[in-house]
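# Inside the fold
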Amino acid sequence: MKIVFLGPPGSGKGTYSSRLVPKLGIPHISTGDLFRENIKNETALGKKVKEIIDAGKLVPDEVTAEMLKERIEKPDAKKGFILDGFPRTMSQVEALDKLTKIDIVINLILPDHILIKKIAARRQCRKCGDIYNLADINEDGIHMPPLLPKVEGKCDKCGGEIYQRDDDKEEIVMSRLDVYKKQTAPLIEYYRGKNLLKDVPVVGGPDIMVPNIIKVLETISS
Ligand code: ADP
Ligand code: ZN
């Protein structure tokens, strides 16, 4: 199955995608993680995109689409994948349409004031990208308990250091939400028009949401 996760920053795309991997047996492909990996390893690509990402802007479409193409053409992605953070512009949609046919688009919905809280409290493993969250949200019928590592500051999966992304700092978050609204939100109507879109309101943490999402995926798997 070829799945796309749409949704604003902080809506849980990365968390839910990574937790679906063992259940679906297909890879999680996050363009944000791929960029961060390149930045960490100080590759030519990493050097090119670091400033853009730290400023909360989008990396140019050609650069992103080329990186995505290389990843999607690897053998492990032949039978399917979970795309998280791509496409983010109409031009990226066109690039993706040329590469493959998507089966379903999960559109995660969460109000801005909760996104802002979640992003401020988000932490990530520097080594493996595993996501944690310090926020304890219980409002507007949305209950998301914190996702804490077992040992403070250390990743459960690999023992790596847990840190806050530079672009998760407050000054940058508003501009990322703005970029999402202007450049990515129009994709919702595009995929709705193609009959591929499933709206999924985020009402809880992964224990509630992962089974919710699996149910939605089952509506299309034959
Ligand atoms: P989030 O979903 O929380 O915004 P991501 O890890 O998906 O975070 O993305 C982090 C940053 O990486 C984005 O703000 C942007 O600078 C860059 N990026 C990721 N995916 C794309 C993309 N498809 N097109 C352009 N830039 C991207
Ligand atoms: Zn880790």
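Described below are features of the structure shown in this document. All figures in this text were calculated on a predicted structure; none of them were measured in a lab. (Residues numbered from 1 in each chain as written. Chains lettered and ligands numbered in written order. Predicted model: local features only at pLDDT ≥ 70, side-chain atom pairs only at ≥ 80, totals over all residues. Heavy atoms only, no water.)

The next subject is the overall build of the protein chain. Of the regular secondary structure elements, the protein chain holds nine helices and 10 strands. Taken against the 2.2 N^0.38 rule, which gives 17 Å for 222 residues, the C-alpha radius of gyration of the protein chain at 17 Å falls within 12% of a compact globule. Dimensions of the protein chain along its principal axes, counting C-alpha atoms only, are 45 × 40 × 35 Å. For the protein chain, the residues scored as buried account for 48% of the 222 residues in total. The contacts in the protein chain between residues at least 6 apart in sequence include a share of 71% that link residues at least 24 apart. Working note: accessible area of the protein chain is about 11,300 Å², and carbon and sulfur atoms make up 54% of it. (Helix = DSSP H or I, 4+ residues; strand = E, 2+ residues; numbered from the N terminus. Rg over C-alpha atoms; globule rule 2.2 N^0.38 Å. Buried < 20%, exposed > 50% of the residue type's maximum accessible area, 1.4 Å probe, protein only. Contact = heavy atoms within 4.5 Å. Areas by Shrake-Rupley, 256 points an atom, 1.4 Å probe, with all protein chains shown as cover.)

Before going further, it helps to examine the coordination of the zinc ion (ligand 2). Donor atoms from the polypeptide that coordinate the zinc ion (ligand 2) comprise Cys 125 (SG), Cys 128 (SG), Cys 155 (SG) and Cys 158 (SG), at 2.3 to 2.4 Å from the metal. Every donor counted, the four donor atoms about the zinc ion (ligand 2) form angles of 97 to 116° at the centre, which fits tetrahedral coordination. Between consecutive donors of the zinc ion (ligand 2), the numbers of intervening residues give the motif C-x2-C-x26-C-x2-C. Placement of Cys 128 in the loop between β5 (122–125) and β6 (131–133) and of Cys 158 in the loop between β8 (142–144) and β9 (162–163) is noted, with a sequence separation of 30 residues between them. With a relative accessible area of 41%, Cys 128 lands in the partly exposed category. (Donors = N, O, S within 2.8 Å, 3.2 Å for Na, K, Ca; no water. Tetrahedral: all angles 85-135°; square planar, octahedral: opposite > 155°, others 65-115°.)

Turning next to the sheet that holds strand β3 (residues 81–84). An order of β2-β3-β1-β4-β10 is seen for the five strands of this open sheet, with the pairing classed as parallel. With partners counted over all chains shown, the strands left at the sheet margins are β2 (28–30) and β10 (197–201), one partner each. Neighbouring strand axes in the sheet, compared pairwise and without regard to direction, differ in orientation by 25° on average. Where strand β1 (residues 2–6) and β3 come together, four bridges link them in parallel fashion. Bridged to Ile 3 within β3 is Ile 82. With respect to the sheet, helix α8 (residues 186–193) is in contact with β1, β4 (104–109) and β10, its orientation differing from that of β10 by roughly 130°. (Pairing = 2+ DSSP bridges. Axes fitted to C-alpha atoms, helices over the stretch in contact; angles between N-to-C directions.)

No statement about biological role is implied by the geometric values presented.
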